[in-house]
Amino acid sequence: MHTTEGLAQVQHLRFVLSSGEVDTQFNGMTIRGGVLDDGIRDMPGSEIIDGRCALQLPRLAAGCHRYDVLVSGDGTDNPLLAGVIHVAPRLTPVDVDNNAPADYLDIVIPEDEGGTITVISESPAWVDDAVEKSLQERGMYVTPVDGETVLTMSAGTSTRDFNYFTFALNSTYVSGHLAASYRLNKIALQTPASEANGTRWMARLCRYSAGLALPLEVLGTSTATASWTSINASTMECHWNFDGIAVSAADRLILEVYAVDSSGTTVSKALIAYGAAASHGGTEGVLIASGDKLAWRNYSRLALSMSVAYDAGVSVGGIELASRRHFDALAANVAETGKQIADDADAAQQAREEAEQIASGMTLTTGMITTGVPGSQATAELKPGSTAGSYTLDMTIPRGDVGTVDTAQAYTWTQPQTYDAMINANGGINIPLAAGAQTDTAAVSRAYALGMAHAAMMHQTRTYWVTSSCTATNGVAINHIAPGCYCEAILAANIRTSVTLPSAGALGGGNYSKIAGYSLPVKFSGGSEGSAFKISMIIGGSGQFEEYPDAGIDDFRLRPVVGSAADITRLVDVTLYYDNGYKARVRELIGIGSPKRYVVRTTLSNLDYNSNTNPCSATYRVVIAQSEIGHGDALAAGVWMVMGGLSNDTIIKLADIRCWDTYHVLYAPVIYLDAQAGLYGGVISAESPTIINGVGGNTYVRFGLEPYQRSWITSATEEPYTEQPTEL
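Parameters and conventions
- Residues numbered from 1 in each chain as written.
- Predicted model: local features only at pLDDT ≥ 70, side-chain atom pairs only at ≥ 80, totals over all residues.
- Heavy atoms only, no water.
- 1 Å grid on protein atoms, 1.4 Å probe; cavity = no way out; pocket = protein on both sides within 12 Å on 5 of 7 lines; lining within 4 Å.
- Points joined across faces, edges and corners; volume = space filled by probe spheres on them.
- Helix = DSSP H or I, 4+ residues; strand = E, 2+ residues; numbered from the N terminus.
- Buried < 20%, exposed > 50% of the residue type's maximum accessible area, 1.4 Å probe, protein only.
- Contact = heavy atoms within 4.5 Å.
- Core = buried A, V, L, I, M, F, W, Y, C linked by side-chain atoms within 4.5 Å.
- Pairing = 2+ DSSP bridges.
- Axes fitted to C-alpha atoms, helices over the stretch in contact; angles between N-to-C directions.

**Q** In this structure, what is going on with empty space enclosed by the protein? I would like to understand it.
**A** As enumerated under the stated definition, the model contains 5 cavities of 30 Å³ or more in all. Around the largest cavity, the lining residues are I478, C487, E488, A489, V499, L501, L673, I684, S685 and A686. Among the elements of the structure, β32 (486-491), β33 (496-504) and β46 (682-687) are those that each provide at least two residues to the lining of the largest cavity.

Encoded structure:
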């Protein structure tokens, strides 16, 4: 509120609705207030009559004074307004006998609880003049302003190459400026020294659309007088001039830059500018052309600056407060919106009354229903009846072409049928076979299953132990119970041995023999504390490895020859041991990369078994199989341990390893076993390996194991291989 120094002023208040009509809901209540001025000075008020009332402002000294206004209905005071009374200084004597009336303050109370009370002032011109004069006497000048400013955004020191950069003209750029619309004259970017190479650049400013379809909506192109720019080697700035493109704080824009040669022909090249990573909000970042659209490349923020002109506004003491044009536009928008809401409400009420009137007397009767030819379009027609509000619905429904179906009867289809849903055939489906073959469901299922079994068997090839070459260290004897097929070695308590079991090659084996994996039926009955069992084998034939018998469970049984070139031939070893519970370790030693270097991939598992299920002695076989052929870094092969029993934890996934191609395999594998017996000794049992081949490019073993596998893998790490000492 405003008044003059020493003047007793009467401030009139009027309660109005948002529509502008007088609000009478407070009639009969009283209003009063107080001013904080060396204590509280009373502002007597009046009863609210026909939505109007008055406050008596006391005589106040020049300056600003806080006030509160209360409204009372049932003896309880409720806060209504709080603010500041601006008191302008006065030079002429004050007529102390008269009260100066002030124009009404219109008060709009929101309909919803928690809303904002709006106060509309109709201050006369002399009040505005008094306020301006008072501010000027205190060094504050209220002046209209317009001009130019630079909108900037800081960014990191890393570089980004781009042709399209999208950004939102929001508070990131316009911090400190209250204007919401601008006329853009210049855009500048900071570039590294390497870009000062004489390349000429053009720029377009485009509007962002959700689909990012090309071509973009161009708002403006850099002007003809400065149609291109080269990098300024001293300031490292790349800039473009524009003819005052209209932009606003609500805009989402795309800056497109492209290089041109001396003839103006576009050159395929990206500009490098300084920037930094931005948050993944989808508002700032580098885009890339993909077909007929733009796509996100990465979320980056470029060090962008824009020189813009803004509209006339108001500045107090040199500080820009707001644009008068925006207040005018806001007021017009509020008025238009209010009028539209009122019109919509009236129209909705009228439509509701008409609908209620129609519905109250409406009746709907089913008319003629006919059938059309199969495949024709269904139709419906609503016809007015003989009385007001009555209607008749006629329909035509196409006939089906299968007749009436009795689910209790059997049907023979003479034509091909097409269905858009699944057919459930719990009893099976009879498929005609060759003349004389059985056609009932059970026979067909058995024949199919038997065929699959034979296909699997045909792609599994047995190898056989070369008994004369099988050896064991530390005096342990190998007993060939079924020569070539099965052997055993008995270990006394606390004895360690290294067993070497070479095999005879599979029939038809050779390079490019499509070997997809190995099945190794090997176990060690010793599973007490202190016992351990390791299986090692080489997959591939081109690497140079040297054997180290009795090297220990944690050492490599085979190691790359010192100084030899790294190779994709790899060593795979699987260790089962007891250490505060049953555990497993799989290591893959392989040459990877370019140039190749040896690495060791180690996978550890805690096997969730107790002493009743010793994984060393309960293991049926260890399976190493791949799901795709290759010699890259894909972990497309696996190691499994298969145990006996009917529980759901008899197939254990121990590790993922790299796949191999069909050349770097051995069709006559050598199995290396290292065993450490515990307190009660142990028995090594080994059946000759089975070579697994693919069927139709697939490794069916993997598809058979994965649905039932369990995994207790705790870690998988990969480290460079370091050569171990040769002397142990």
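That shown, we press on.
**Q** What's the story with the side chain of T602 in this structure? I'm lost.
**A** Within the secondary structure, T602 is located in strand β41 (residues 597-606). Taking the relative accessible area as the measure of exposure, T602 reaches 18% and is therefore buried. In this structure, T602 is in contact with R585, V586, R587, S715, A716 and T717, ignoring residues within four places of it in sequence.

**Q** Got a minute to help me understand the nonpolar core in this structure?
**A** Side chains of nonpolar character tend, in soluble globular proteins, to be buried together. In terms of nonpolar packing, the biggest core is built from 47 residues, with L501, L607, L654, L673 and I684 touching the most fellow members. When sequence neighbours within four positions are dropped, the list of residues in contact with L501 reads W465, C470, I478, C487, P669, V670, I671, L673 and A686. With 31 residues, the next largest nonpolar core counts I187, C238, L271 and L304 among its residues.

**Q** What am I meant to see in the sheet that holds β46 here?
**A** Where strands meet in a sheet, backbone hydrogen bonds hold them as pairs that are either parallel or antiparallel. Strand order in the open sheet formed by 4 strands is β31-β32-β46-β35, and the pairing between neighbours is antiparallel. Every other strand in the sheet has two partners, leaving β31 (478-482) and β35 (522-524) as the edge strands with one partner each. On average, each strand axis in the sheet is inclined to that of its neighbour by 15 degrees, with strand direction left out of account.

**Q** Help me understand the sheet that holds strand β19 (residues 271-277) in this model?
**A** As summarised here, the arrangement of the 3 strands in space is β11-β19-β22, forming an open sheet in which the pairing is antiparallel. Of all the strands in the sheet, the pair left with one neighbour each is β11 (158-162) and β22 (300-302). With strand direction ignored, the average angle separating the axes of adjacent strands in the sheet is 55 degrees.

**Q** Any chance you could explain unusual backbone geometry here in plain terms?
**A** The linkage connecting L214 with the following residue, P215, adopts the cis geometry, with an omega of -5 degrees. With respect to the helices and strands, the residue P215 is situated in the loop between β14 (200-207) and β15 (217-221). Backbone torsion omega between S594 and P595 reads 0 degrees, so that peptide bond is classified as cis. Relative to the helices and strands, P595 is located in the loop between β40 (582-592) and β41. The backbone of L212 sits at a positive phi, close to 55 degrees, despite the residue not being glycine. Residue class for L212 comes out buried when judged on its relative accessible area of 5%.

Function-wise, these values are silent; they only describe arrangement.
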